[in-house]
Every structure is written in structure tokens, then in C-alpha cells.
Amino acid sequence: MAKRESGRLMLESEIPAFVDAVIEAGCNICAIGHDCYVLGDLEEMDAAADELDRIGEVFGDRDFLLREIVAYLRSIGRYLDPGSPAKHWTENGNVH
């Protein structure tokens, strides 16, 4: 998955749509702790590489929204905390 620079900056209000698009692409996006997130595991990301590239082009640069994306993912229960016994975000009991 090559990163393309579209010059567009993602809006904070687009975070829910971005997350939905990643999920629809087949990736289990989730926050890790309070300052990181992953789009999914490597197999998911490989299988969805073309769609993830398209999503990146549509939404643009989102690096500066890292904390806001993490906060949104946590608010909908898609997170894992380091040191947690949960192996997958669905095991944390806060799934929405």
C-alpha cells in the first residue's frame, strides 16, 4: 500500500465515515491504547490494499488527527489497551 499525497486534509467530522470505510474494506480498525491505532492485521490490510489506497485518496492526510481518530475508536469500543488480557478488541466488553 503506497502512500499518496493528494494534498487534501481529512476533516475531523469525517472520522466516522473513514472508520466505516475501513471496516467495509474488511479491516478491523482499532485503537491501541490512547495514542495509536491500526487499520487491521497484515492479512486484512494485504487483502484490502487497493481499497485502502482508494480510502486514503478520498479522505486525504489524517496523520494530524491521530488522537481524534483514537478517541473516536475508543468511544465506539474498538480498542485494546496494552497489558489487557483481551486478544481482540471485541473481547473488551465495550463493543458498540
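This report concerns the structure included in the present document. Everything numeric here is computed off the predicted structure, so don't read it as measured data.

1. A short note on the packing of helix α1 (residues 15–24) against helix α4 (residues 66–75)
Each packed pair of helices is defined by two parameters, the angle between the axes and the distance between the axes.
Now for step 1: Packing of α1 against α4 leaves a shortest axis separation of 10 Å and a crossing angle of 70°. Of the possible angle classes, the one that applies to α1 and α4 is roughly perpendicular. For the pair α1 and α4, the crossing hand works out as right-handed. Here I15, P16, F18 and V19 of α1 lie close against α4, whose contacting residues are E68, I69, Y72 and L73.
Now for step 2: Class assignment of the residues belonging to the contact of α1 with α4 gives a composition of 7 nonpolar, no polar and 1 charged.

2. Describing the packing of aromatic side chains
Now for step 1: Summed over the entire model, instances satisfying the criterion amount to 1 aromatic pair.
Now for step 2: Here F18 and F59 contribute two aromatic rings whose centre-to-centre distance is 5.8 Å and whose plane-to-plane angle is 80°, an arrangement assigned as edge-to-face. Of this pair, F18 sits in helix α1 while F59 is found in helix α3 (residues 49–59), placing the two residues 41 residues apart along the sequence. No difference in accessibility class separates F18 from F59, as the two residues are buried.
Now for step 3: The positively charged end of R74 is found above the aromatic ring belonging to Y79, 4.1 Å away from the centroid.

3. Re the sheet that holds strand β3 (residues 79–80)
Now for step 1: Ordered in space as β2-β1-β3, the 3 strands form an open sheet in which the pairing is mixed. Since the sheet does not close on itself, it has two edges, and those belong to β2 (36–38) and β3, each with one partner.
Now for step 2: As paired strands, strand β1 (residues 30–32) and β3 are joined by 2 bridges and run parallel to one another. Along β3, the bridge assignment pairs A31 with Y79.
Now for step 3: Running over the sheet, α4 touches β1, β2 and β3 and is turned about 70° from β2.

Quick notes on the rules
- Residues numbered from 1 in each chain as written.
- Predicted model: local features only at pLDDT ≥ 70, side-chain atom pairs only at ≥ 80, totals over all residues.
- Heavy atoms only, no water.
- Axes fitted to C-alpha atoms, helices over the stretch in contact; angles between N-to-C directions.
- Helix = DSSP H or I, 4+ residues; strand = E, 2+ residues; numbered from the N terminus.
- Parallel < 35°, antiparallel > 145°, perpendicular 65-115°, else oblique.
- Left-handed = near helix turned anticlockwise from the far one by under 90°.
- Contact = heavy atoms within 4.5 Å.
- Nonpolar A, V, L, I, M, F, W, Y, C, P; charged D, E, K, R; others polar.
- Phe/Tyr/Trp six-rings, centres within 6.5 Å; stacked < 30°, edge-to-face > 60°.
- Buried < 20%, exposed > 50% of the residue type's maximum accessible area, 1.4 Å probe, protein only.
- Lys NZ or Arg CZ within 6 Å of the ring centre and 35° of its normal.
- Pairing = 2+ DSSP bridges.

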